[in-house]
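Now for the letters of each chain:
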Amino acid sequence: MTDEGSGERLERRYRRLLRALPAPQRAAREEEMVAVLLQAATPSQSRPTVSEAADLLALAARSRLRCLFVDPVARLGVAVAMLLTIAAAVAAHDVAASRTGTEEPSATAGPVLPDRFPAWDPPPARADRSPAGAASMAYLDGDEDGAHFLVLIGAEGTSARQVPDPTGSTAAPDGVPADSTNSPFLLAPDGRQLAVRRGHSLQVLDLTNGRTRTVPGLELANSARLLAWSLDGTRIAVGSATGTDVVDVSNGFAVHVTEAATSAAFAPDGRLALAGRTRLDVFRADGRRIGGDTMLPGWDIAAAGWSPDGRILALRRAQDSSPDVVPTGTGTTTPYQRRPAGQPIVHIAAEGDVPALLAPPDPSAPLAWNRGRLLLESDSGSVTSWNPVTGQNDTVIRTREGVYCCTIASLQLATNVAARARIVPLDALDRGPLGPFWPLVAALFSVAALVRGWWYTRTHLVHPTTSVRAAVLRAVPWALAATAAGLPVGYFYLMLSYPLGREAHLLHLTTALAAAAAYTFGRSLGRARTWRPLYPAGRAAR
Amino acid sequence: MEAHDQPGYSVERSIVAAMPIRRLQEPSFLVLTALARGPQHGYGVLKDVEEISAGAVKLRVGTLYGALDRLASEGLVELDAEEVVDSRLRRYYRLTAAGAQRLEAEAMRRRSQVEVALSRLRGVGGPLPGTGTAS
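What counts, and at which threshold
Residues numbered from 1 in each chain as written. Chains lettered and ligands numbered in written order. Predicted model: local features only at pLDDT ≥ 70, side-chain atom pairs only at ≥ 80, totals over all residues. Heavy atoms only, no water. Helix = DSSP H or I, 4+ residues; strand = E, 2+ residues; numbered from the N terminus. Polar contact = N/O pair within 3.5 Å; in protein donor to acceptor, adjacent residues only side chain to side chain. Contact = heavy atoms within 4.5 Å. Salt bridge = Lys/Arg side-chain N within 4 Å of Asp/Glu carboxyl O. Buried < 20%, exposed > 50% of the residue type's maximum accessible area, 1.4 Å probe, protein only. Pairing = 2+ DSSP bridges. Axes fitted to C-alpha atoms, helices over the stretch in contact; angles between N-to-C directions. Patch = residues over 30% accessible without salt bridge, like charges linked within 9 Å, V, L, I, M, F, W, Y side chains within 5 Å. Areas by Shrake-Rupley, 256 points an atom, 1.4 Å probe, with all protein chains shown as cover.

Student: Account for the side chain of Asp141 of chain A, naming residues and giving values.
Tutor: Residue and element names in this part refer to chain A. Of note, Asp141 is situated in strand 2 (residues 135-142). Side-chain polar atoms of Asp141 contact the side chain of Trp120, separated by 2.8 Å. Excluding residues within four positions of it along the chain, Asp141 makes contact with Pro118, Trp120, Ala147, His148, Phe149, Val151, Arg400, Cys406, Thr407 and Ile408.

Okay, structure coming up:
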């Protein structure tokens, strides 16, 4: 009894192995082969030996390979599956290599600024989907594929994120110089929030969790400008033709002052300086005016704003450039004269609550205070570090080289972050997780092609006259032809990948291959009906 | 049409015609030799091959049916009869005229090679050391 039991088990196991044969071959051969296998088995045998199993699987593999390498449809499918697998591997490698960030923040962790502007191939992930924490820099940029976005460089200098199209059209219109006083966005001093104007509403993107809030109850006028964040990140000064509102971003409550301002800055102690065409006014946090002075004509309050000690206010040239004049004395009735070239402006105010005014010598815009110096955005796009005491001016953030597609605009620094930041060499940036999953798509297609190929060889047999070796040899011209066809594609791809984004062209290539695969599947379905089976089915004895 | 001339097989004539005559591989040669004595079923071929090669070659079942498929599709072997023994299907195969011809050609080719080898060994001057049987 036990013998018969083990015999049945053995038969079941042999039959399981024979399932690897293509269906027509199995239908014709299974009963006969099982009989011979059982006859050849030793009496006590209850499972196929390793060499028997290998032998049967080799038979199945030969039958299937013959089909794959001879059948023209299957052959094309194999070529496509291989190409897709390679494309998936290349794309995955490319993505993995470019997306991986640097090692953990260095032991001397602290805010840093990169020493140059990175290029965007591939572009970074979105800040709202993959938040990376506080940012030290924000600016408008683009990539070589023509996309425009707002770039956020992480305060640790190791990450980059983007906010796509913050205004609906981030490209600065021709002839309108990008300028921090009419920017559509405003980075908070601590770098944790980004205010973005969307139509008539004001939205605040929290960079630490990616959530976007619309400031409730706030209707921005057409003329409204985002002027300045308070240092604690709770309020924003919004200027318009009718005056200035200090808006609490959490609830939309606004303190209105009637002075219309073109620029503003919050002091560390909460004072607010508002600069109009001719006047500089200083208010307390509750909106009460506590002092004022004549504003230097042709100057605005710079993004750097108040010095950390709250005594100096950095200025920048107004966009509608007026005569470059300097005061010749102190006080409210100061006469002015044209300033000598290369000289800074220092103007000491008459009132105690009114800051001294400081403007750098060149037509450059102070972005932020940095350890007693001012970081200046120069006309050439680089950032220099200017020492107001010695007049020393060093380039600290270089302009980008070798990228011709886009210019950096509306550069803003998180002023509190920048105040303590060190300048470090730009390293590989963590650009966040991959947005479009093209490597995955390519891999799925190649798996589909392989499954299809497996299924195809289940039901199709190629005449066994053809040895597998001969079949492989006959596939070689096909492989060469496929390579020859692929070379121009690869050449085209390489040509395009220099000026444009590599990822974009991997995508194009993958899409083309996927289309070829789809075509192949369709063809193979069409062929299946015309292919004559080698073994007529249903000849089994029972 | 011809697909059902031989039970169990359909032959793609175009492919057969396109293929050049190749040398018989060792398993095929042994299977043909086994069938040269008369029709045999699969297990009989296995045992016979073992006997012919003095136990040196033990065909596996997959190898046997790979060879039978190939030989049948080249028209060297054909189905002789089917019977059911102990509720097991048993198929007998026999050599065709083409198969006999092919086996003979292969045997002659092998014999001429063997003879050349042996005669050259004799020409060198007797058996090589350690090869035992010469003369």
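Once you've had a look at it, read on.
Student: Account for the pattern of salt bridges, with residues named and values stated.
Tutor: This model, assessed by the stated rule, comprises 23 salt bridges over all chains. With its nearest N and O atoms 2.6 Å apart, the salt bridge here joins Arg29 of chain A to Asp69 of chain B. Here the residue Arg29 of chain A occupies a position in helix 2 (residues 23-40), and Asp69 of chain B occupies one in helix 4 (residues 61-73), the pair thus bridging two chains. Owing to a relative accessible area of 1%, Arg29 of chain A belongs among the buried residues under this scheme. The class for Asp69 of chain B is buried, based on a relative accessible area of 3%. Of the charged contacts in the structure, one is a salt bridge between Glu82 of chain B and Arg91 of chain B, with a shortest N-O distance of 2.8 Å. Accessibility expressed as a relative area gives 35% for Glu82 of chain B, which makes it partly exposed. Among the charged side chains, a salt-bridge network with shared partners connects Glu11, Arg15, Arg26, Glu30 and Glu31 of chain A together with Arg88 of chain B.

Student: Describe the sheet that holds strand 27 (residues 409-413) of chain A, and please don't skip the residues or the numbers.
Tutor: Residues and elements named next belong to chain A. Taken together, 4 strands build an open sheet; the order of strands is 4-3-2-27 and the sheet is antiparallel. Unpaired on one side and paired on the other, strand 4 (160-164) and strand 27 mark the two borders of the sheet. Across the sheet, the mean angle from the axis of one strand to that of its neighbour is 20 degrees, orientation sign disregarded. Here strand 3 (residues 148-154) pairs with strand 4 via 5 bridges, running antiparallel. Residue pairing across strands places Leu152 opposite Arg161, the latter belonging to strand 4.

Student: Account for the environment of Leu375 of chain A, naming residues and giving values.
Tutor: All names here are of chain A. With respect to the helices, strands and loops of the structure, Leu375 is situated in strand 24 (residues 373-377). Residues Leu375 and Leu413, spaced 38 residues apart in sequence, show a C-alpha to C-alpha distance of 9.3 Å. Those residues in contact with Leu375, other than ones at most four positions away along the chain, are Leu113, Ala365, Pro366, Leu367, Ala368, Asn370, Val383, Thr384, Ser385, Val396, Leu413 and Ala418.

Student: Report on a nonpolar patch on the surface, specifying residues and quantitative values.
Tutor: All names here are of chain B. On the surface, Val114, Leu118 and Leu121 cluster together to form a nonpolar patch covering roughly 230 Å² of accessible area. With respect to the helices, strands and loops of the structure, Leu118 is situated in helix 5 (residues 97-125). Residue classification places Leu118 among the partly exposed residues on the basis of a relative accessible area of 41%.

Student: An account of helix 3 (residues 42-52) of chain B is requested, with residue identities and associated values reported.
Tutor: Taken together, the buried positions of helix 3 of chain B are occupied by Gly42, Tyr43, Gly44, Val45, Leu46, Asp48 and Val49 of chain B. Next to the buried residues of helix 3 of chain B lie helix 2 of chain A together with helix 2 (26-35), strand 1 (40-41), helix 4 and strand 3 (88-95) of chain B.

Student: Provide a residue-level description of the environment of Val424 of chain A, including the pertinent values.
Tutor: Residue and element names in this part refer to chain A. Among the secondary structure elements, Val424 is positioned in strand 28 (residues 422-424). Val424 sits 27 residues away from Ile397 along the chain, and the two C-alpha atoms are 9.4 Å apart. Discounting residues that sit within four places of it in the chain, Val424 has contacts with Val112, Leu113, Pro114 and Asp115.

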